[in-house]
Structures are given as structure tokens and as C-alpha cells.
Amino acid sequence: MNLYNIKHPEEQVNFAQAVRQGLGKDQGLFFPQIIPTLENIDELLALPLVERSQKILGAIIGDEIPTDKLNAMVKNAFTFPAPVEKVEEGVYALELFHGPTLAFKDFGGRFMAQALAAVRGDGKITILTATSGDTGAAVAHAFYGLENIDVVILYPKGKISPLQEKLFCTLGGNIRTVAINADFDACQALVKQAFDDAELRQAIGLNSANSINISRLLAQICYYFEAAAQLSPAERQNLVVSVPSGNFGNLTAGLIAKTLGLPIKRFIASTNANDTVPRYLKSGEWSPNATVATLSNAMDVSRPNNWPRVEALFKRNGWALSELGAGALTDVETEDALKVQYAKGYLCEPHGAIAYQVLKDQLQAGETGLFLCTAHPAKFKESVERILNIELPLPEALDKHNKLPLLSDEMDADFAQLRAYLLK
Ligand SMILES: *Cc1c(COP(=O)(O)O)cnc(C)c1O
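Residues numbered from 1 in each chain as written. Predicted model: local features only at pLDDT ≥ 70, side-chain atom pairs only at ≥ 80, totals over all residues. Heavy atoms only, no water.

Looking at an unreviewed UniProt entry, one finds the protein chain named Threonine synthase and attributed to [Actinobacillus] rossii. Note on the protein chain: under the UniProt heading Catalytic activity (unreviewed entry), the record states "O-phospho-L-homoserine + H2O = L-threonine + phosphate". As stated in UniProt under Cofactor (unreviewed entry), the record for the protein chain gives "pyridoxal 5'-phosphate". (UniProt positions renumbered as here; feature names shortened; annotations may be inferred.)

**Q** In this structure, what is going on with the pairing of strand β13 (residues 368-373)? I would like to understand it.
**A** Regular strands place side chains that alternate from one sheet face to the opposite one. Burial of β13 is extensive: six of the six residues sit out of reach of the surface. Two strands pair when backbone bridges link them, and strand β5 (residues 91-95) and β13 are joined in this way by five bridges, in the parallel orientation. Across the sheet, the residue bridging to alanine 93 is phenylalanine 371, located in β13. (Buried < 20%, exposed > 50% of the residue type's maximum accessible area, 1.4 Å probe, protein only. Helix = DSSP H or I, 4+ residues; strand = E, 2+ residues; numbered from the N terminus. Pairing = 2+ DSSP bridges.)

**Q** Teacher, can you tell me more about the pattern of salt bridges here?
**A** Any two side chains of opposite charge can pair, so long as their charged atoms come close to each other. Under the defined criterion, the tally for this structure stands at 17 salt bridges. With a shortest N-O distance of 2.3 Å, lysine 360 and glutamate 88 are connected by a salt bridge. Of this pair, lysine 360 sits in helix α16 (residues 350-362) while glutamate 88 sits in strand β4 (residues 84-88), and the two are 272 residues apart along the sequence. A salt bridge links aspartate 275 to arginine 279, with the nearest nitrogen and oxygen atoms 2.9 Å apart. Residue classification places aspartate 275 among the buried positions, given a relative accessible area of 17%. (Salt bridge = Lys/Arg side-chain N within 4 Å of Asp/Glu carboxyl O.)

**Q** Where do I start with the UniProt feature "modified residue: N6-(pyridoxal phosphate)lysine" (unreviewed entry) in the protein chain in this structure?
**A** Mapped onto the present numbering, the UniProt feature "modified residue: N6-(pyridoxal phosphate)lysine" (unreviewed entry) falls at Lys105. Tracing the backbone through its elements, the reader meets lysine 105 in helix α5 (residues 105-119). When residues no more than four places from it in sequence are discounted, the contact partners of lysine 105 are Ala138 and Arg216. (Contact = heavy atoms within 4.5 Å.)

**Q** Honestly, the site of the ligand in this entry has me stumped. Any pointers?
**A** The local shell around the ligand holds 14 residues, among which Lys105, Gly246, Asn247, Phe248 and Thr374 are the closest. Within the backbone of glycine 246, a nitrogen or oxygen atom sits 2.8 Å from an oxygen atom of the ligand. Here glycine 249 contributes a backbone N or O atom positioned 3.2 Å from an oxygen atom of the ligand. Protein chains bury 94% of the 390 Å² of accessible surface belonging to the ligand in isolation. Classifying every residue of the shell around the ligand gives six nonpolar, seven polar and one charged. (Near = heavy atom within 4 Å. Polar contact = N/O pair within 3.5 Å; in protein donor to acceptor, adjacent residues only side chain to side chain. Areas by Shrake-Rupley, 256 points an atom, 1.4 Å probe, with all protein chains shown as cover. Nonpolar A, V, L, I, M, F, W, Y, C, P; charged D, E, K, R; others polar.)

Written out as C-alpha cells, the structure is:
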């Protein structure tokens, strides 16, 4: 598999290099030079998730990774289902939250961990990352138990929810978590200092497991096929997919699935008040506002970092950007959407509720609608309980960790101390 840097097309790498490096020169994103066309879509759709995903990823990555090895990576990563649930006539939910941290990032995170373990070479690897909550959990669970990969996660002490903390600070083993006596920005600054320290970087094989890593996107392609596989051939004919979008990685993966040949009529990018893309598609002007806090906080992004990949795909395929649907909801509208879904017998959370409502606003007669549910309702327990006036029991995956003791170390925001800790 060959990839190029979107900012500097002359910089070309293979899959292993792209996975190890994460980003190219000038923070440029890597993107596949060629996306194949899959011939036998109906046969693929008839296969079970793991087997089908092995074939899809094998076709994209090619012979750089031996088939047996790739098949094992996919099998180890995709250990949970992605069911489609009917919400009303012609409108379906794709539930992506049945993984260990109850969010769709488990798909990308787990496959990236497998990919990094497969292409790492001989040296030691230390994953260092700062989290304000959810990414830490996904990274910790994805890398937990992998040999010769140490993970260190920094988070602001007392500034993430107790439940979030329990989810990733109770694992132990190769996962070390550090509660920093400062805010999230200070944690990020410490991580940046560590990456700027060439000697340290070399000594412990620092890697960021960056969210922009191409391996994450490749994994996410597979659940679009899984969704289509659960619909009838008639419903697949005029399928419209609404994606709750923050950094637009999820949408990019869907567009790659369509490029591969999956019959999706069109996509809708659904956002909250951080609506840079919906405004851009209307006006042609790229003018990000300051980021505002919303109920759907995983989408509080006003400069989506995957957007260059989206534009590259439209250009390459000769698609007009005007074919991309888009819509944005306020928090009040999000609450209303959640209530409407609940009245129809479907319990959702703010991100999925936005994708649902924007889909409903734009779906035309004769089309089948699918919206992506990116997190389990219990991950947004406080909001969901308040808006719907209900009590949400903790799902077993969360409850299990909630009962375990915290294993975090504590530290001031002091780089010398962190450096010594990392070298220990
Ligand atoms: C990360 C995240 C999103 C946004 O996904 P992108 O790929 O960044 O667009 C949406 N919902 C939830 C729950 C998330 O965690």
C-alpha cells in the first residue's frame, strides 16, 4: 500500500511507515494513492463481519502485511458486533458502541494498536498521550496486554468524571495512568515537551497513537459494509447515511467505503453548533468560529482535521461537494431530537440524536436512512437522565471497572519529573 502526504505529495510512504509516523512533513495527512474497486460487493456482504473485514482490508493494504498476520489483526481488533436497529419505518440506527469503552473509537483504536504491534520493528515503543476523558480510555483498552508496548496516559486530576477515570485507570499491566495536578492544557503541554525531547523520544520509542493515524480510518470503513449487510437489497438501493461529525474521520471512512464500491447514495455530515463544514458547504467560505461547548462534546471541533482527506476524495472521484448533505443542530434541538427518539422507543445520546434529526430533515421519499450512533447512552448519563427524566443503569462494562481500585500515580505538571518517570 502506498500513501502520500496531502500537503507534500512528493513524500510517499508505505503502510508500515504511515502507521509508525502518524503524520507527514508539516503535519500533513497521509492518504492512499490508490483505492481499489471491489467487484463482488454482494458476496462480501453475505460474509460475517470479521471475515468480510479481512477481505476488505486485505484488498486495500495489499501484500505488505502477510494475509495470516492481517487476518489475526482484524480478528483481535473486531471482537464486538455493530448491530443495526430499526427506529421507525425506513430509518435505522447503526450502533457502534458495543466495544470495551462503549464508543465507536474502539474500532479504530483497537485496529491501530494491532497494526502498530505488527509493523513496529524491534525497538521498544511507549505510547504517550494526554486525555480529557474518552480518548484515554479507548487507547488504554486498545493497547492493554500487547507485548513490549508501554502506555502512559496523562489526565488532569479531578477534572474528568469519576466514571471515566475508573474506565482506564484500573487496568494496570502495561497501562500506566498519571493524574496531573493541573488542567488538560498543561497535560498536553507535557506531552508536547516529551515529543520535542529527541533523546527521550529515541530512548523509549515515543509514539502518539495519534487520532489521525491512517490505520484508524481503514478499520472504520468496515462497519459501513456491516451496516449495509444488515439491510435488505431493496433498502440498500437508495441508502442515505448521516454521520455525527467532529474531526470528520468517521465520514472520511464512509466515503472510502463508497469509493470501494459500497452502494451508498449520499452522506450527510451532521454537527452541533460547531458548524464550520455545514456553513462552508452553503457559502463556499471556510471561516471557523471559536469552538463552543455543547451537549455533544465529542463533536466540539471547529477546525476538523480530517477535512483535507474529505476534499481529496471528492476531487479524486469527480464528485461535486454539493452532493454532500450537511446540517447543524443547537443544544435545544438536540434535546428535542433525543425526546422524539425516546418516544419512538429508541434510547440514544446527544451525538446520535443529532445524526438522527438531520437525517430526518433531509431524507426524501423512497430513500432509506441510516444514522450512526457513536456512543452508548450511559456515556452521557447525566445529560440523558436530565433530558429524558429517566434513570439509566450502568452497563456491565462500566460497572465492572467502577468497582475496581484506581491505580493512577500523581504528579505535578513538571517535565523533569515526568521525564524521569518515563525513563524508569
Ligand atoms: C469522536 C466522536 C465523534 C466524532 O467523530 P469524528 O470521526 O471525529 O468526526 C462523534 N461522536 C462521539 C461519541 C465521538 O467520540
